[in-house]
Structures are given as structure tokens and as C-alpha cells.
There are 2 protein chains.
Amino acid sequence: MRMAELSKASGIPVATIKLYLREPLLPPGERTGPNQSRYGEEHLRRLRLIRGLLEVGGLSVATARDVIDAVDSDLPLAHSFGVAQRAVSANIDPGDIGLEALARIDRLMEGWQVSGDSPGRLAAARVLETFESLGQRDEGSWLSRYAAAALLVAEADLDQVQARGSREAMAETVVIGTVLGDALLSGLRRAAQEHVSRLRHPVPSELDRPPTRE
Amino acid sequence: MRMAELSKASGIPVATIKLYLREPLLPPGERTGPNQSRYGEEHLRRLRLIRGLLEVGGLSVATARDVIDAVDSDLPLAHSFGVAQRAVSANIDPGDIGLEALARIDRLMEGWQVSGDSPGRLAAARVLETFESLGQRDEGSWLSRYAAAALLVAEADLDQVQARGSREAMAETVVIGTVLGDALLSGLRRAAQEHVSRLRHPVPSELDRPPTRE
């Protein structure tokens with residue numbers, strides 16, 4: 001297809017596509033004349049990935065290019081996924097986190113294959129530190145139940161990724177799923193809290209409405 | 001204790017405590033002279049709740065006051081929790097969300113006691129809409145496994161809340177736990193994704209180091 005058709009099919013303006021070609025985030029089309037190129041399905045797929053990286057992931061163009069390079073490389077999938085996942089995770093300096101909190105998170109993740117500079121490991125340790133600095137503490141099994149739930153969700157995430165066909169589509173799902181999955185889990189968790197709270201502390205039905213005066 | 005001691009015990013500057021007294025977020029102490037009051041343990045506890053609301057929850061003073069009023073009221077616990085939880089959740093206009101996405105989230109939460117304007121329900125439906133608008137779809141059981149994990153986490157959250165003693169301490173844990181729990185889960189989820197990804201797509205050990213030239 002021509003540039004105008006690629007724009008129509010992707011919903012992305014021609015000027016934006018040209019910008020992606022210059023960066024380059026998008027590989028050039030096949031030259032068919034001095035001022036004309038032909039684009040294929042692979043360009044459409046790549047445009048979808050680019051939009052996911054920039055719009056959902058909120059990445060800079062340079063970081064998006066790193067992710068795309070990892071996807072295009074023939075490195076093992078876990079490696080490409082790692083690059084994509086790190087790109088959409090907060091960058092935390094390990095030196096900012098206490099060793100005690102890191103050790104507790106490591107005990108929590110015992111048996112997990114996680115690298116020392118994993119953004120998730122650092123983020124979890126930082127939360128634990130903040131939690132305790134506010135006078136809260138793990139009452140029994142709060143942390144370990146969170147770890148168990150995280151493992152369930154990660155299994156579902158990887159199944160979701162593997163159901164896609166190409167490396168490109170998989171990386172797209174890694175990025176979109178990582179960002180949107182956080183928000184989905186946060187929303188469902190609030191709804192589930194409301195449910196469990198109502199089960200445990202039933203609200204008399206007359207209090208579910210504004211009180212009336214007699 | 002006197003104001004200066006309250007400040008020392010709480011780590012909050014006197015000027016800030018005076019501001020909380022004026023708002024009022026903090027109830028007055030017991031007058032012991034024309035320019036002197038005495039404060040007790042309940043003031044320390046309340047200061048902790050205020051800090052949780054303002055610093056962790058990121059609430060405005062007016063919203064923090066609404067939460068404190070709900071905690072101080074004799075409304076059922078589920079009601080106070082609801083006020084605290086809503087205060088730290090994004091405010092979403094139900095009109096902005098498609099009925100189809102809402103219906104799918106409701107099917108997912110079948111049997112849950114969740115009100116129609118639950119911020120969690122609306123947030124989850126909005127994520128689903130975004131996810132699908134990006135060409136992603138639920139491959140089998142992604143959504144239902146997320147809902148199951150959210151329920152596990154919510155049970156852990158409520159156990160954590162109930163282990164606290166007073167209504168005030170419970171509300172504090174609702175707010176802090178809601179905000180920090182999202183971040184904890186997000187971190188653990190990333191670490192678990194790395195683990196599951198490495199299990200499924202082993203990275204040859206020579207690729208775990210930077211390549212060397214011969």
C-alpha cells in the first residue's frame with residue numbers, strides 16, 4: 001500500500017508516519033519510484049507497536065527505539081521481554097533502598113529467577129520501606145499473599161503474550177499488558193475490597209440510602 | 001503532652017500541627033491554661049492518619065477532612081472504608097465508559113457486592129476499553145484470572161485492616177494499604193513476570209553476560 005493508505009489503515013497521520021520513518025522507528029518501505037514507496041502488513045503491525053510504546057507506555061522516542069531494537073534482534077524472548085518491561089517500569093537506584101527491605105523482598109520471592117537489578121524487585125522493596133516507615137507492618141501473611149497473587153497474574157500475562165503470533169505482537173502485548181495490567185488489577189482490587197468489606201461488615205439497608213428525617 | 005512534645009513524638013513541625021488544628025483535621029487538646037493545651041495518644045494516632053492521607057494518599061485537606069469525618073462517625077465500617085477508598089481512587093465519569101465494557105466487567109465480577117458507581121468497577125471497564133481499542137483481546141482467561149487474583153489480594157487487605165485495633169487505625173490502613181498495595185502488586189508482578197518468562201524461555205547463560213569479541 002502507499003503512504004496515504006498506510007495512514008488510513010493505521011489511523012495515524014502521514015506527517016506522524018514520516019516522523020517515525022526519520023527517527024527511525026519504522027523501517028522504510030520498498031522503493032517503487034523516486035518519490036514513492038510501498039508498505040506492507042509488517043508496517044501496520046510495527047505502527048501498532050510504536051503507538052503502544054509511545055501512547056500507552058509513555059516512552060520517549062529513544063527508549064521506544066531500544067525496545068524495537070530488542071524485538072528485532074534474535075536475542076531470546078525473555079531478553080526482549082525484559083527490555084520491553086524495563087522500559088515501562090520506574091527506574092529505581094538500588095542504592096536508595098535499605099538492605100533489610102531488599103532481603104525481606106528476596107525471602108518473599110524465594111525460588112523466583114529474578115535479577116538483582118529487576119525494577120520490580122526494587123519497587124517492591126521501596127514500597128515495603130515506605131509502608132513500615134508509616135508505622136504499618138505485615139500482619140501475618142499480607143506480603144506473601146500479594147506475592148502469590150502476583151505469580152498468578154504473571155502466569156496469565158505470559159499466556160496472554162504467548163497467544164500472540166509474532167515476536168513483534170508479543171512485545172506489543174508485553175508493553176501494553178504491563179502498563180494496562182497494573183491499572184486493571186488496581187481497579188479490580190478496589191471493587192473486590194468493596195465486596196469483601198460488605199461481606200464482612202454488612203451495611204444495614206437503610207444506611208445505603210441518605211437518612212430521612214421524621 | 002504539650003504541643004512541643006507532640007511535635008517531637010510525631011516528627012511533625014509545630015507550625016504544621018497548628019495548621020491541622022485550624023483546618024480542623026486534628027481535634028483540639030485539653031485546655032490547661034490561656035495559651036496551653038494538653039494532647040494525648042489519640043492526637044498522635046490522628047496525626048499518623050493525617051500524614052497517611054495527605055502524603056501517601058495525596059489528598060487535599062478538604063478530602064482528608066471528609067475521610068476523617070467518616071472515621072469519626074458511627075456509620076458502619078464498610079461505609080467508612082468506602083469513603084476512605086474512594087478518596088484515594090481516580091474519579092471517573094460513568095458516562096465516559098461504554099456500556100459493553102461495563103457489562104463485561106460486571107460479568108467478570110458476578111456475585112460480587114459492588115455498587116454501580118464503584119471507582120474500581122469504572123476503572124476496570126475503562127482499562128478494558130483501552131486494551132481493546134489497541135487491538136488486544138482477552139486470550140482465554142486473562143481477565144478472569146486477574147479477577148481471581150484481585151479477590152485474593154482484597155481478602156489479604158481486609159485481614160490486614162482488621163488486625164488493627166481502632167476504627168482510626170483501620171481507616172489509616174485502608175488508605176495507606178490501598179495506595180501502597182497498588183505499587184507493591186505492580187512491583188511483585190514485574191518480578192514474577194521475569195521469573196515466569198525465564199522459566200518458559202530459558203536464556204542461555206552466555207547471553208546473560210555482554211558478548212565478548214574473539
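Look a little higher up for the structure.
Read on for a plain summary of the structure.

Reading the values: rules and limits
- Residues numbered from 1 in each chain as written.
- Chains lettered and ligands numbered in written order.
- Predicted model: local features only at pLDDT ≥ 70, side-chain atom pairs only at ≥ 80, totals over all residues.
- Heavy atoms only, no water.
- Helix = DSSP H or I, 4+ residues; strand = E, 2+ residues; numbered from the N terminus.
- Rg over C-alpha atoms; globule rule 2.2 N^0.38 Å.
- Buried < 20%, exposed > 50% of the residue type's maximum accessible area, 1.4 Å probe, protein only.
- Contact = heavy atoms within 4.5 Å.
- Areas by Shrake-Rupley, 256 points an atom, 1.4 Å probe, with all protein chains shown as cover.
- Lys, Arg positive; Asp, Glu negative; His and termini not counted.
- Charge placed at Lys NZ, Arg CZ, Asp CG, Glu CD.
- Buried area = accessible area lost by both parts, 1.4 Å probe.
- Salt bridge = Lys/Arg side-chain N within 4 Å of Asp/Glu carboxyl O.
- Polar contact = N/O pair within 3.5 Å; in protein donor to acceptor, adjacent residues only side chain to side chain.
- Nonpolar A, V, L, I, M, F, W, Y, C, P; charged D, E, K, R; others polar.
- Least-squares fit on C-alpha atoms with pLDDT ≥ 70 in both.
- Pairing = 2+ DSSP bridges.
- Phe/Tyr/Trp six-rings, centres within 6.5 Å; stacked < 30°, edge-to-face > 60°.
- Arc of directions from axis to C-beta.
- Axes fitted to C-alpha atoms, helices over the stretch in contact; angles between N-to-C directions.
- Parallel < 35°, antiparallel > 145°, perpendicular 65-115°, else oblique.
- Left-handed = near helix turned anticlockwise from the far one by under 90°.

Time to look at the overall build of chain A. A tally of helices and strands in chain A yields 9 helices and 2 strands. Secondary structure elements in chain A, listed N-terminal to C-terminal, are α-α-β-β-α-α-α-α-α-α-α. Relative to a compact globule of 214 residues, whose C-alpha radius of gyration would be 17 Å, chain A shows 23 Å and is clearly more extended. Projected onto its principal axes, the C-alpha coordinates of chain A cover approximately 80 × 55 × 30 Å. Counting across all 214 residues of chain A, residues that qualify as buried make up 49%. For chain A, restricting intrachain contacts to residue pairs at least 6 apart in sequence, the fraction spanning at least 24 positions comes to 58%. Within the structure as shown, chain A displays about 10400 Å² of accessible surface, and the carbon and sulfur contribution to it stands at 50%. With 26 positive and 30 negative side-chain charges, chain A shows a spacing of 6 Å between the two charge centroids.

Moving on: the interface of chain B and chain A. Contacts between the two partners involve 83 residues from chain B and, on the opposite side, 83 residues from chain A. With both chains or domains summed, chain B and chain A bury close to 8100 Å², and 64% of this area falls on carbon and sulfur atoms. For the interface between chain B and chain A, the tally reads 12 salt bridges. Taking the shortest distance from any N to any O, the salt bridge between B:Arg189 and A:Asp157 comes out at 2.9 Å. The tally of links from chain B across to chain A stands at 48 residue pairs in polar contact (both at pLDDT 80 or more). Across the side of chain B that touches chain A, the residue classes tally to 42 nonpolar, 23 polar and 18 charged.

Here the focus is the pattern of salt bridges. Scanning all chains against the criterion turns up 34 salt bridges over all chains. Between A:Arg48 and A:Glu172 there is a salt bridge, with the nearest N and O atoms lying 3.3 Å from each other. Residue A:Arg48 is located in helix α3 (residues 41–56), and its partner A:Glu172 is located in helix α9 (residues 167–200); the two are separated by 124 residues in the primary sequence. For B:Glu30, the salt bridge goes to B:Arg38, with nearest N and O atoms at 3.6 Å. Each of A:Arg145, A:Arg200, B:Glu155 and B:Asp159 takes part in salt bridges that share partners, so that together they form one network.

Here we take up the relation of the copies chain B and chain A. Between chain B and chain A, which share one sequence, the superposing operator has a rotation angle of 180 degrees and an axial displacement of 0.0 Å; the RMSD is 0.0 Å. These values place the two chain copies in the arrangement generated by a two-fold rotation axis. Residue B:Ala149 of chain B places its C-alpha closer to the rotation axis than any other residue of that unit, at 2.5 Å. When you check the interface residues of chain B against chain A, 100% turn up at the interface there too, and the contact is symmetric in its surfaces.

Residues and elements named next belong to chain B. With respect to the helices and strands, the residue Ser80 is situated in helix α5 (residues 77–87). Here Ala70 takes part through its backbone oxygen, which lies 3.0 Å from a polar atom of the side chain of Ser80. If we ignore the near neighbours within four places in the chain, the residues touching Ser80 are Ala70, Val71, Ser73, Leu75 and Arg167.

This next bit is on the pairing of strand β1 (residues 30–33) of chain A. Residues and elements named next belong to chain A. For β1 and strand β2 (residues 36–38), the ladder comprises 3 bridges, and the chain directions are antiparallel. Bridging across to β2, Arg31 finds its partner in Ser37. Remark: 2 residues form the turn of the hairpin made by β1 and β2, two consecutive strands paired antiparallel.

Attention shifts here to the packing of aromatic side chains. All names here are of chain A. Counted under the stated rule, the structure contains 4 aromatic pairs over all chains. Note on Phe131 and Trp142: the rings are 4.7 Å apart at their centroids and 15 degrees apart in plane angle, and the pair reads as stacked. Linking Phe131 in helix α7 (residues 119–133) with Trp142 in helix α8 (residues 142–162), this pair joins segments that are 11 residues apart in sequence. Owing to a relative accessible area of 2%, Phe131 belongs among the buried residues under this scheme. Overall, Trp142 belongs to the buried group, its relative accessible area being 3%. Residues Trp142 and Tyr146 carry aromatic rings whose centres are separated by 4.6 Å and whose planes lie at 50 degrees to one another, so their mutual orientation is tilted. Highlighted residues: Trp142 and Tyr146, both in helix α8, separated by 4 residues, approximately one helical turn. Taking relative accessible area as the criterion, Tyr146 reaches 0% and is therefore assigned buried. What links up through ring pairs into an aromatic cluster is the set Phe131, Trp142 and Tyr146.

Turning to helix α1 (residues 3–10) of chain A, a few remarks are in order. Residues and elements named next belong to chain A. Every buried residue of α1 is listed here: Met3, Leu6, Ser7 and Ser10. For α1, the angular spread of the buried residues around the axis is 100 degrees, confining them to a single face. Away from its buried face by more than 90 degrees, α1 exposes Ala4 and Lys8. Elements in contact with the buried residues of α1: α2 (14–22) and α3.

Our next topic: the packing of α8(A) against helix α9 (residues 167–200) of chain B. Running from N to C, α8(A) and α9(B) cross one another at 50 degrees; their axes reach a closest spacing of 7 Å. If you check the angle between α8(A) and α9(B), you find them oblique. Pair α8(A) / α9(B) crosses with right-handed handedness.

A word on the environment of A:Glu129. Residues and elements named next belong to chain A. Locating Glu129 in the fold gives a position in helix α7. Overall, the relative accessible area of 29% leaves Glu129 in the partly exposed class. Taking the C-alpha atoms as reference points, Glu129 and Ile97, separated by 32 residues in sequence, lie 7.9 Å from one another. Those residues in contact with Glu129, other than ones at most four positions away along the chain, are Asp96, Ile97, Gly98 and Ala101. A distance of 2.6 Å separates a polar side-chain atom of Glu129 from the backbone nitrogen of Gly98.

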